[in-house]
Amino acid sequence: MTEERFRQILSAYGANPQRWPSAERAQAEAFAARHPAQLAAALAAEAELDALLGKAERQPGELLQRRILRSLPEVTVWNWRAPVAAAAALVLGVMLGFSSGALITPSDEVETYYADAFTGLDDDWVDWLGGDA
């Protein structure tokens, strides 16, 4: 590890070794341990910058917010069509399913089932069980 590469890592990733690239972390830590006096000022400056950046507000700027909001109509116009089409197909299918029952004339066999179901209520239900009341 050269001093130039160490300073590049320091300026790009900060003073915290956990943020340094894992492939070069051990070499960078060993280099810093071998040259503590030479790198003390650079490490202190980067640690101070890290502390300031840690306190910084993490809200996006107003310009970025406007760009994002300006791009939303294109995204939402495209995404609302598929759910609306699916809902329309579902509603239409349900309506056609219910209305088609009124258009079909029942056969005599079906009418007999309905008649038997409703006239059977007049009979004594105990007789159906096969026992004597």
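Look a little higher up for the structure.
Residues numbered from 1 in each chain as written. Predicted model: local features only at pLDDT ≥ 70, side-chain atom pairs only at ≥ 80, totals over all residues. Heavy atoms only, no water.

**Q** What is the right way to look at the pattern of salt bridges in this model?
**A** Think of it this way: side chains of opposite charge can pair up when their charged atoms draw near. For the structure shown, the criterion picks out 4 salt bridges. In this structure, the salt-bridge partner of Arg7 is Glu3, at a minimum N-O distance of 3.0 Å. Of this pair, Arg7 and Glu3 both sit in helix H1 (residues 3-13), 4 residues apart, which is roughly one turn of that helix. We classify Arg7 as partly exposed; its relative accessible area is 35%. One salt bridge in this structure joins Asp50 and Arg19, with 3.9 Å as the shortest N-O distance. Of the two residues, Asp50 sits in helix H3 (residues 36-55) while Arg19 sits in the loop between H1 and helix H2 (22-34), which places them 31 residues apart along the sequence. We classify Asp50 as buried; its relative accessible area is 18%. (Salt bridge = Lys/Arg side-chain N within 4 Å of Asp/Glu carboxyl O. Helix = DSSP H or I, 4+ residues; strand = E, 2+ residues; numbered from the N terminus. Buried < 20%, exposed > 50% of the residue type's maximum accessible area, 1.4 Å probe, protein only.)

**Q** Quick question: what am I supposed to make of the packing of aromatic side chains here?
**A** A ring pair, where both rings are aromatic, is described by two values, the distance of the centres and the angle of the planes. Taken as a whole and assessed by the stated rule, the structure comprises 2 aromatic pairs. Residues Phe6 and Trp20 carry aromatic rings whose centres are separated by 5.6 Å and whose planes lie at 80° to one another, so their mutual orientation is edge-to-face. Of the two residues, Phe6 is situated in helix H1 and Trp20 in the loop between H1 and H2; the sequence distance between them amounts to 14 residues. Overall, Phe6 belongs to the buried group, its relative accessible area being 0%. Taken together, a centroid distance of 5.6 Å and an interplanar angle of 40° make the contact between Phe6 and Phe31 tilted. (Phe/Tyr/Trp six-rings, centres within 6.5 Å; stacked < 30°, edge-to-face > 60°.)

Shape descriptors only; they carry no functional weight alone.
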